Amino acid sequence: MKKFLKVIGVILAVILALALVLFGVMKLSSNHRSDPEKVEKFETTNPYIIEGTDVSAHRIGAGIAPEQTMMAIKNCVENESFDVDVFEFDLHITSDGVLVLLHDDTLDRTSDSEEVFGETEVRPENKTYDELRTLNMGAKFENEQGERPYADLKGEDIPDDLRIQRLEDVLDYLSSVGDYKYIIEIKNGGDLGRKGVDIMYCVLKERDMVEDVVFGTFNEEVSIYVDTTYTDLARSTSINEVIEFYIAALTGSKSYVPPCSVLQIPFCSPYLDYGINLGTAKVINYAHSHNMALQYWTINDREDMEYLVSMGADCIMTDYPDVLFEVVNN
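Residues numbered from 1 in each chain as written. Predicted model: local features only at pLDDT ≥ 70, side-chain atom pairs only at ≥ 80, totals over all residues. Heavy atoms only, no water.

A. Main features of the environment of Pro47. Position of Pro47 among the secondary structure elements: in the loop between helix H1 (2-30) and strand E1 (54-58). Sequence separation between Pro47 and Ser238 is 191 residues; the distance between their C-alpha atoms is 20 Å. (Helix = DSSP H or I, 4+ residues; strand = E, 2+ residues; numbered from the N terminus.)

Shown next, in the form of structure tokens:
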């Protein structure tokens, strides 16, 4: 019995040692910065693989204005100190079938919904569009000085720029003032997510804007629905597809078949802390050689911006498009 336990102890010690070695290798890999000279050029038919790097305002520049509001949109459009190439925002469906801009599943973090409705965890699918229009979507916004400049706005004092926005109104405004691209994510899953896709596609089709959009979702059933129903709508990878891609890139798989044309992937903590580095020359070359564009989220650190720009990232999503614009143009 003692001999058996000793053998088990040795086996466990070996497993632990291997695990520590693997963790060390992954940590080393996560801190690795490739030489930009190792990034190769490939012939491509993918319109999202570009020369240079697109500046994308994540949540329409959430770091510098109340996220996903018309105020944030106008800040990106009218500010003379920077330009935006791509607007990134999220959609939820209301109880009366309207797509509105909102990131979270509830309205608690960004609005005064608890005060207005007298309840917490208010979900947009449980309210009508008109009900949601009573909210101040800038109530919780905090600027760099730690101030909340819009917190006291109530009722009729709330400007339209700080009320919740419909997809149609946002696209109509932006198409009237510039030629932009879009990254749009539908947050709902299941039947609501599929219904949201139907509404979104109709809105885009009516405006001849399908080709301007990369669609995304974390709900795999919605991705499958897009693939089978709207084949002309470009979409980004699901979580499982990113994992499959990363394994294929690390192993240099010859049999990998891209599921879509755009990789939207992170390059930040906690992923780097776990040893997952999606910004190496090996990963970038593998993606581009398979005709997949690389769009990174959510990059708010200047050093990371500088590195990814030097590596030829096709697009970077950031809460601070003013900082990224400066990095790209310098």
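B. Focus on the pairing of strand E4 (residues 181-186). Summarising burial for E4: five of the six residues are buried, a large majority. Here four bridges tie E4 to strand E5 (residues 213-216), and the two strands are oriented parallel to one another. Across the sheet, residue Ile184 finds its bridge partner in E5, namely Phe215. Chirality of the crossover, the property in question, places the unit of E4, helix H6 (residues 190-206) and E5 among those that are right-handed. (Buried < 20%, exposed > 50% of the residue type's maximum accessible area, 1.4 Å probe, protein only. Pairing = 2+ DSSP bridges. Right-handed = clockwise from strand over helix to strand, strands pointing away.)

C. The arrangement of the pattern of salt bridges in detail. Going through the model one piece at a time under the given rule, you end up with 21 salt bridges. Here Arg148 and Glu142 are joined by a salt bridge, their closest N and O atoms 3.8 Å apart. Ionic pairing is found between Glu326 and Arg302, a salt bridge with its closest N-O pair at 3.5 Å. Of this pair, Glu326 sits in helix H11 (residues 321-329) while Arg302 sits in helix H10 (residues 302-310), and the two are 24 residues apart along the sequence. What you see here is one network of salt bridges that share partners, running through Arg59, Glu67, Asp104 and Arg109. (Salt bridge = Lys/Arg side-chain N within 4 Å of Asp/Glu carboxyl O.)

D. Expanded view of the side chain of Glu67. Within the secondary structure, Glu67 sits in the loop between E1 and helix H2 (70-78). By relative accessible area, which is 15% here, Glu67 ends up buried. Beyond its immediate chain neighbours, meaning those up to four positions away, Glu67 contacts Arg59, Ala62, His103, Arg109 and Thr110. (Contact = heavy atoms within 4.5 Å.)

E. Fine view of helix H8 (residues 239-251). If you check H8, its first and last C-alpha atoms are 19 Å apart, about what 13 residues at 1.5 Å a residue would give, namely 18 Å. Turning to H8, its buried residues number three or more, namely Glu241, Val242, Phe245, Tyr246, Ala248 and Ala249. Taken around the axis of H8, the buried residues stretch over an arc of 165°, which confines them to a single face. Buried residues along H8 sit in contact with strand E6 (234-235), strand E7 (262-266) and helix H9 (281-289). Where H8 ends, the next residue or the one after it, Gly252, has phi of about 65°, a positive value. (Expected span 1.5 Å × (residues − 1). Arc of directions from axis to C-beta.)

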